[in-house]
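One letter stands for each residue in the lines below.
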Amino acid sequence: MHGKLLLLAGLYLVQGLPYGLQSSLLPILLRGHGLSLTRVGLTKGLYVPWLLKLAWAPLVDRRGSPRVWLTLSTVALGLVCGLLAVFPPPQAGQAGLPIIMMGLLLLLNLGAAVQDVALDTVAVQLLEPKELGAGNTVQVVAYKLGSALAGGGLLVLFPTLSWPWLFLLLAATYWLAAALAWAAPALGQLPWPQVSEQTTPTSYLLQDLLAVPGTLWTAGFVLTYKLGEQGAGSLFPLLLMDHGASASDLGLWSGLGAMTCSIAGSSLGGALLARHWQPLPLLRSVLQLRLGSLACQMALLFYLSTPGASLDPGTITRGTAFLSLCLQQFLGGVVTTATFTVMMHCSQLAPRALQATHYSLLATLELLGKLLPGTLAGVLADGLGPHLCFAAFLVLSGLPILDLSLAPSNLT
């Protein structure tokens with residue numbers, strides 16, 4: 001089992017690099033150059049290829065080996081990073097990202113989304129039911145570690161590390177990962193799709209996916225469980241910047257510090273699952289704690305709006321704000337590991353020929369539930385005001401707690 005987990009850890013780590021680059025580095029860089037919250041939030045529209053994974057997931061299920069798909073998509077990611085090294089970063093005074101850079105980032109997300117389908121196919125087929133807790137812990141932790149290295153880590157290093165060398169380093173990392181995927185013996189042993197599996201009529205695909213036991217409830221849960229957390233989490237660091245927090249401090253705390261806590265939370269979630277905790281009861285307890293943590297953040301925002309409140313160094317308010325970022329990420333890490341375990345368990349109930357497509361359906365809905373609030377948070381904050389917007393996200397974070405009472409018995 002350890003060989004499987006080590007392989008998955010390396011591959012999921014490089015898969016997290018594009019997300020960290022665009023979720024942590026670019027928003028703070030653009031906000032520091034004077035872009036509005038709306039413009040910063042709308043750059044997350046570059047994630048749209050992730051929402052179209054169902055377009056090529058059936059191809060991964062029915063055409064070729066998962067190893068080939070994984071290797072080719074990873075090589076393509078390295079090529080895109082090599083092209084990004086040619087272009088300079090956004091400069092002060094620009095209204096937004098240059099068109100060429102937006103196109104390359106869109107291609108980066110396309111390659112990462114194809115890689116994601118192939119890698120999830122590998123994980124679903126490699127892991128035994130008793131290995132799901134450990135496997136999903138490795139998946140979430142490695143992905144977040146890659147995101148932290150490409151996000152908060154680069155924010156800290158950005159003043160001294162040039163843009164071209166940054167993307168050349170990323171390109172070399174991808175090509176090394178592609179070689180690892182191609183040479184791994186475990187991936188070469190994965191079964192190819194059978195002829196009967198390749199000819200399944202596409203018109204019945206969605207019907208077959210929804211017929212898998214527990215799919216409808218799981219789809220609804222993964223679509224809603226991050227709505228409040230993600231919206232508040234994308235807005236809170238930017239509001240702290242508006243109240244005087246520096247970009248370097250946010251890079252340290254919102255990037256590396258918070259991501260470290262998120263990884264710790266995911267590891268704790270995996271350890272609890274390995275000790276025979278059931279995912280759904282664990283989710284109920286942690287979601288309630290997450291709701292309380294978000295309520296504390298909202299109270300802190302109200303306090304910062306009062307005369308005399310500040311985030312100056314040495315103040316209790318400053319420490320509380322940064323610690324709240326870490327606590328929220330810690331609880332979110334536990335929630336994510338438990339949720340991905342439920343998703344993979346549900347997908348393993350599907351026929352082998354549908355497992356990659358089924359998991360891609362759930363993962364697409366999970367991503368949509370994170371992208372929508374993250375993309376619209378700036379628009380809502382500019383239109384409604386940050387306090388009312390944050391209160392709406394607090395209410396949304398309570399919905400998955402109610403949803404757990406409707407969970408089907410085959411997932412408990």
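Residues numbered from 1 in each chain as written. Predicted model: local features only at pLDDT ≥ 70, side-chain atom pairs only at ≥ 80, totals over all residues. Heavy atoms only, no water.

As named in an unreviewed UniProt entry, the protein is Major facilitator superfamily domain-containing protein 3, taken from Peromyscus maniculatus bairdii. Its UniProt record gives the protein a comment under Sequence similarities (unreviewed entry), which states: "Belongs to the major facilitator superfamily." Taken from UniProt, the Subcellular location (unreviewed entry) comment for the protein reads in full: "Membrane". (UniProt positions renumbered as here; feature names shortened; annotations may be inferred.)

Scanning the protein for helices and strands turns up 20 helices and zero strands. Across the 412 residues of the protein, 56% fall into the buried class. Put simply, of all contacts in the protein between residues at least 6 apart along the chain, 88% involve residues at least 24 apart. Of the accessible surface of the protein, which amounts to about 16,700 Å², a share of 71% is contributed by carbon and sulfur atoms. (Helix = DSSP H or I, 4+ residues; strand = E, 2+ residues; numbered from the N terminus. Buried < 20%, exposed > 50% of the residue type's maximum accessible area, 1.4 Å probe, protein only. Contact = heavy atoms within 4.5 Å. Areas by Shrake-Rupley, 256 points an atom, 1.4 Å probe, with all protein chains shown as cover.)

Quick look at the nonpolar core now. Ranked by internal contacts, the top residues of the largest apolar core, which has 47 residues, are L8, L187, F221 and L283. Secondary-structure elements contributing two or more residues to this core are helix 1 (2–15), helix 6 (99–126), helix 7 (132–150), helix 13 (215–224), helix 15 (247–274), helix 16 (279–304), helix 17 (316–348) and helix 18 (355–384). Of the domains in this structure, domain 1 (1–193) and domain 2 (200–407) are the two that each give at least three residues to this core. The contacts of F221, once residues within four sequence positions are left out, are L283, L287, T339, P400, D403 and L404. Membership of the second largest hydrophobic core comes to 33 residues, among which are L17, A150, W163 and A171. (Core = buried A, V, L, I, M, F, W, Y, C linked by side-chain atoms within 4.5 Å. Domains from an automatic or database assignment.)

Before going further, it helps to spend a moment on the pattern of salt bridges. Opposite charge on two side chains makes pairing possible when the charged atoms of those side chains draw close. Within this structure, the stated rule accounts for four salt bridges. With its nearest N and O atoms 2.8 Å apart, the salt bridge here joins E229 to K226. Of the residues examined, E229 reaches a relative accessible area of 7% and is grouped as buried. Accessibility expressed as a relative area gives 5% for K226, which makes it buried. The closest approach of N and O atoms between K370 and E366, which form a salt bridge, is 3.4 Å. Placement of both K370 and E366 in helix 18 is noted, with a separation of four residues, approximately one turn of the helix. The exposure classification of K370 matches that of E366, with both residues buried. Through salt bridges with shared partners, a single ionic network connects K226, E229 and R290. (Salt bridge = Lys/Arg side-chain N within 4 Å of Asp/Glu carboxyl O.)

Turning to helix 18, a few remarks are in order. Compared with the 44 Å implied by 1.5 Å per residue over 30 residues, the 42 Å span of helix 18 between its first and last C-alpha is a close match. Residue A377 marks the point of greatest curvature in helix 18, where the axis turns by about 40 degrees. By the criterion of burial, helix 18 is predominantly enclosed, with 21 of the 30 residues buried. Downstream of helix 18 by a residue or two, G385 has a phi angle that is positive, lying close to 100 degrees. (Expected span 1.5 Å × (residues − 1). Bend = angle between axes of the 7 residues up to and from the residue.)

What follows concerns the packing of helix 13 against helix 17. Packing of helix 13 against helix 17 leaves a shortest axis separation of 10 Å and a crossing angle of 155 degrees. The angle between helix 13 and helix 17 places the two elements in the roughly antiparallel class. Considering the relative orientation of helix 13 and helix 17, their crossing is left-handed. Residues T215, W217, T218, F221 and V222 of helix 13 form the contact with helix 17, whose participating residues are T339, V342, M343 and C346. In terms of residue class, the contact of helix 13 with helix 17 is made up of six nonpolar, three polar and no charged. (Axes fitted to C-alpha atoms, helices over the stretch in contact; angles between N-to-C directions. Parallel < 35°, antiparallel > 145°, perpendicular 65-115°, else oblique. Left-handed = near helix turned anticlockwise from the far one by under 90°. Nonpolar A, V, L, I, M, F, W, Y, C, P; charged D, E, K, R; others polar.)

Quick look at the UniProt feature "transmembrane region" (unreviewed entry) in the protein now. Sites flagged by UniProt as "transmembrane region" (unreviewed entry) map to residues 68–87, 99–118, 138–158, 165–184, 250–274, 286–306 and 321–344. Note that residues 321–344 is 100% helix and 0% strand, and that its end C-alpha atoms are spaced 35 Å apart.

Turning to the packing of aromatic side chains, a few remarks are in order. A full pass over the atoms with the stated rule returns three aromatic pairs. With centroids separated by 5.2 Å and ring planes inclined at 10 degrees, the aromatic side chains of W217 and F221 adopt a geometry described as stacked. Residue W217 and its partner F221 are both found in helix 13; the two are separated by four residues, about one turn of the helix. Lying across the ring of W182, R67 places its NZ or CZ 4.1 Å from the centre. (Phe/Tyr/Trp six-rings, centres within 6.5 Å; stacked < 30°, edge-to-face > 60°. Lys NZ or Arg CZ within 6 Å of the ring centre and 35° of its normal.)

With that out of the way, let us pick up a nonpolar patch on the surface. On the surface, a cluster of nonpolar side chains totalling about 490 Å² of accessible area is made up of L372, L376, V379, L380, L384 and L388. The element that contributes the greatest number of residues to the nonpolar patch is helix 18, accounting for five residues. Counting through the fold element by element, L380 comes out in helix 18. Exposure remark for L380: the relative accessible area of 34% places this residue in the partly exposed category. (Patch = residues over 30% accessible without salt bridge, like charges linked within 9 Å, V, L, I, M, F, W, Y side chains within 5 Å.)

Of note, S73 is situated in helix 5 (residues 66–84). Side-chain polar atoms of S73 contact the backbone oxygen of W69, separated by 2.9 Å. Apart from residues lying up to four places away in sequence, S73 is in contact with G111, V114 and Q115. (Polar contact = N/O pair within 3.5 Å; in protein donor to acceptor, adjacent residues only side chain to side chain.)

In this fold, L51 is placed in the loop between helix 3 (37–42) and helix 4 (57–62). Aside from chain neighbours lying at most four places away, what touches L51 is T364, L367, L368 and L371.

With that settled, consider the environment of A392. If you trace the backbone, A392 turns up in helix 19 (residues 386–396). Sequence-wise, A392 and G228 are 164 residues apart; in three dimensions their C-alpha atoms are separated by 7.7 Å.

Two elements in contact, helix 16 and helix 17, have axes separated by 9 Å at closest approach and are oriented at 155 degrees. With respect to helix 17, the axis of helix 16 lies roughly antiparallel. The crossing of helix 16 and helix 17 is left-handed. Classifying every residue of the contact of helix 16 with helix 17 gives 19 nonpolar, eight polar and one charged.

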